[in-house]
Amino acid sequence: MQSAVLEMVRNIGRLRDPQSFVSWSFVILRRCCAMHVRRKVTQREHDRCIADDATLEEVIVPEDPRLTDLSVAMTSLSADQQDLLTLFYSYGLTVAELAGVFAVAPGTIKSRLYHLRETLKEKVLTEEEISDV
């Protein structure tokens, strides 16, 4: 987070439209997070080479089996699809702001959200539950 804020401060002069600050800042944050993840993956691979025994992290399983299914379904999505859902549902970005983050038209964002919801619904719910929805 700190590196993202520093990057924003360094590049604030390049921001042409102050109204697009939210989407501009999420683009920078996303890039910094991707770089952080790449570093962590590299470090983990290095640590695995050094250590003979790899320990497994404990997995927390939610009590509702549908939440487990949703978690599994989410991991089957691409990183961009996961980012889109997270930014929309967890952070409350608008369709217009997401269009700026992903550099696509707002209609494309709406379409992607619809298809992602349908995909997750098919993976999580049974046929009976789908007909009830």
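The following refers to the structure shown. (Residues numbered from 1 in each chain as written. Predicted model: local features only at pLDDT ≥ 70, side-chain atom pairs only at ≥ 80, totals over all residues. Heavy atoms only, no water.)

### A word on the overall build of the protein chain
Where we set the bar: Strands here mean DSSP runs of E at least two residues long; helices mean DSSP runs of H or I at least four residues long; both are numbered from the N terminus. Accessible area is worked out with a 1.4 Å probe on protein chains only. A residue is then buried under 20% of its type maximum, exposed over 50%, and partly exposed in between. By definition, residues are in contact when any of their heavy atoms lie within 4.5 Å. Shrake-Rupley sampling with a 1.4 Å probe provides the accessible areas, and residues are treated as covered by the protein chains on show and by no other component.
A count of helical and extended segments in the protein chain gives seven helices and zero strands. Going from N to C terminus, the protein chain has its helices and strands arranged as α-α-α-α-α-α-α. Residue burial in the protein chain is summarised as follows: out of 133 residues, 22% are buried. Of the contacts formed within the protein chain by residues at least 6 apart in sequence, a portion of 54% connects residues at least 24 apart. Surface exposure of the protein chain reaches about 10400 Å², of which carbon and sulfur atoms provide 55%.

### Brief notes about the packing of aromatic side chains
Two aromatic rings, taken as a pair, are described by how far apart their centres are and by the angle between their planes. Threshold: Stacked, edge-to-face and tilted are the three classes for Phe, Tyr and Trp ring pairs, Trp counted by its six-membered ring, which pair at centre distances within 6.5 Å; planes under 30 degrees apart are stacked, over 60 edge-to-face, the rest tilted.
Tallying each qualifying case throughout the model produces three aromatic pairs. Judged by centre distance (5.7 Å) and plane angle (40°), the rings of Phe 21 and Trp 24 are tilted. Taken together, the residues Phe 21 and Trp 24, both in helix H2 (residues 21–50) and three residues apart, mark about one turn of the helix. Where Phe 88 meets Tyr 89, the ring centres are 4.8 Å apart and the plane angle is 90°; that geometry is what we call edge-to-face. Residue Phe 88 is classed as partly exposed on the basis of its relative accessible area of 25%. For Tyr 89, a relative accessible area of 47% puts it in the partly exposed group.

### Side note on a nonpolar patch on the surface
Worth spelling out the cut-off: A residue counts toward a patch only above 30% relative accessible area and without a salt bridge, and it is joined to like-charged neighbours within 9 Å or, for Val, Leu, Ile, Met, Phe, Trp and Tyr, to nonpolar neighbours within 5 Å. Every case where a carboxyl oxygen of Asp or Glu lies within 4 Å of a side-chain nitrogen of Lys or Arg is listed as a salt bridge.
A cluster of nonpolar residues, Met 1, Val 5 and Val 9, forms a patch on the protein surface that exposes about 330 Å² of accessible area. Within the secondary structure, Val 9 sits in helix H1 (residues 2–11). Under the relative-accessibility criterion, Val 9 is labelled exposed at 59%.

### Brief notes about the packing of helix H4 (residues 79–90) against helix H6 (residues 106–124)
How we decide: Helix axes are fitted only over the stretch in contact, all axes being lines through C-alpha atoms; the angle between N-to-C directions runs from 0 to 180 degrees. Here is the rule for angles: anything less than 35 degrees is roughly parallel, anything more than 145 is roughly antiparallel, 65 through 115 is roughly perpendicular, and the remaining ranges are oblique.
For the pair H4 and H6, interaxial distance at closest approach is 11 Å and the crossing angle is 100°. Classified by the interaxial angle, the pair formed by H4 and H6 is roughly perpendicular. Listed contacts from H6 to Gln 81, Leu 84, Leu 85, Phe 88 and Tyr 89 of H4 are Ile 109, Arg 112, Leu 113, Leu 116, Arg 117 and Leu 120.

### Details of H4
The test is simple: Multiplying 1.5 Å by the residue count of a helix minus one yields the expected span of that helix. Relevant arc is that of directions from the helix axis to the C-beta atoms, nothing else.
In this model H4 runs 15 Å from its N-terminal to its C-terminal C-alpha over twelve residues, within 8% of the 16 Å that 1.5 Å per residue would give. Within H4, the full set of buried residues consists of Leu 84, Leu 85 and Leu 87. The buried side chains of H4 occupy one side of the element, clustering within an arc of 170° when seen end-on. Opposite the buried face of H4, by more than 90 degrees, sit the exposed residues Ala 79 and Ser 90. Immediately beyond the C-terminal end of H4, within one or two residues, lies Gly 92, with a positive phi of roughly 70°.

### What to know about H6
If you check H6, its first and last C-alpha atoms are 27 Å apart, about what 19 residues at 1.5 Å a residue would give, namely 27 Å. Taken residue by residue, H6 has Ile 109, Leu 113, Leu 116, Leu 120 and Val 124 as its buried positions. Down the axis of H6, the smallest arc covering the buried residues is 70°, so these residues share one side. Structural note: H6 exposes Lys 110 and Glu 122 on the side pointing more than 90 degrees away from its buried face.

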